[in-house]
Amino acid sequence: EVLRADLHKLRKVVTPLGNARFDADSDSTGHADRTWAAFMGLYAGAMPTTQMEFQTTGVLRQNTTSDYVGGFGGRRDVMGY
């Protein structure tokens with residue numbers, strides 16, 4: 001129901017040059033944040049995947065609070081690098 005309410009916040013605005021954009025008013029529940037997140041997820045899911053490679057520096061970072069991603073309890077350095 002919250003996502004539905006966010007969806008109904010969106011409105012299509014036509015700029016003076018005739019371009020379309022979507023806008024949403026901000027209130028105590030956000031700026032249609034769940035809708036934008038859903039749209040970005042759908043867009044990302046439709047994109048082709050690619051293989052990523054990385055090379056470690058071989059140096060382990062000190063365990064500090066900046067290594068943690070807020071809200072999910074996950075670590076940025078999942079591989080320990």
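Everything in this summary refers to the structure shown in the same document. (Residues numbered from 1 in each chain as written. Predicted model: local features only at pLDDT ≥ 70, side-chain atom pairs only at ≥ 80, totals over all residues. Heavy atoms only, no water.)

1. What about a nonpolar patch on the surface?
Step number 1: A surface patch of nonpolar side chains, amounting to about 380 Å² of accessible area, comprises Leu-3, Leu-7, Phe-39 and Leu-42.
Step number 2: Elements represented by at least two residues in the nonpolar patch include exactly helix H1 (2-9) and helix H2 (33-46).
Step number 3: Mapped onto the elements of the fold, Phe-39 is located in helix H2. (Patch = residues over 30% accessible without salt bridge, like charges linked within 9 Å, V, L, I, M, F, W, Y side chains within 5 Å. Areas by Shrake-Rupley, 256 points an atom, 1.4 Å probe, with all protein chains shown as cover. Salt bridge = Lys/Arg side-chain N within 4 Å of Asp/Glu carboxyl O. Helix = DSSP H or I, 4+ residues; strand = E, 2+ residues; numbered from the N terminus.)

2. Here we look at the pairing of strand S2 (residues 20-24)
Step number 1: Strand direction decides the pairing type here: strand S1 (residues 10-14) and S2, joined by five bridges, are antiparallel. Note that in S2 the partner of Lys-12 across the bridge is Phe-22.
Step number 2: The hairpin turn running from S1 into S2, its antiparallel successor, is five residues long, and Gly-18 in that turn takes a positive phi close to 90°. (Pairing = 2+ DSSP bridges.)

3. Section: the packing of H1 against H2
Step number 1: Between H1 and H2, whose axes approach to 7 Å, the crossing angle comes to 90°. Classed by the angle they form, the pair H1 and H2 counts as roughly perpendicular. Counted together, Val-2, Leu-3, Asp-6 and Leu-7 of H1 and Asp-33, Arg-34, Thr-35 and Phe-39 of H2 form the full contact between these two elements.
Step number 2: Split into classes, the residues belonging to the contact of H1 with H2 amount to four nonpolar, one polar and three charged. (Axes fitted to C-alpha atoms, helices over the stretch in contact; angles between N-to-C directions. Parallel < 35°, antiparallel > 145°, perpendicular 65-115°, else oblique. Contact = heavy atoms within 4.5 Å. Nonpolar A, V, L, I, M, F, W, Y, C, P; charged D, E, K, R; others polar.)

All quantities given are derived from atomic positions and should not be read as evidence of function.
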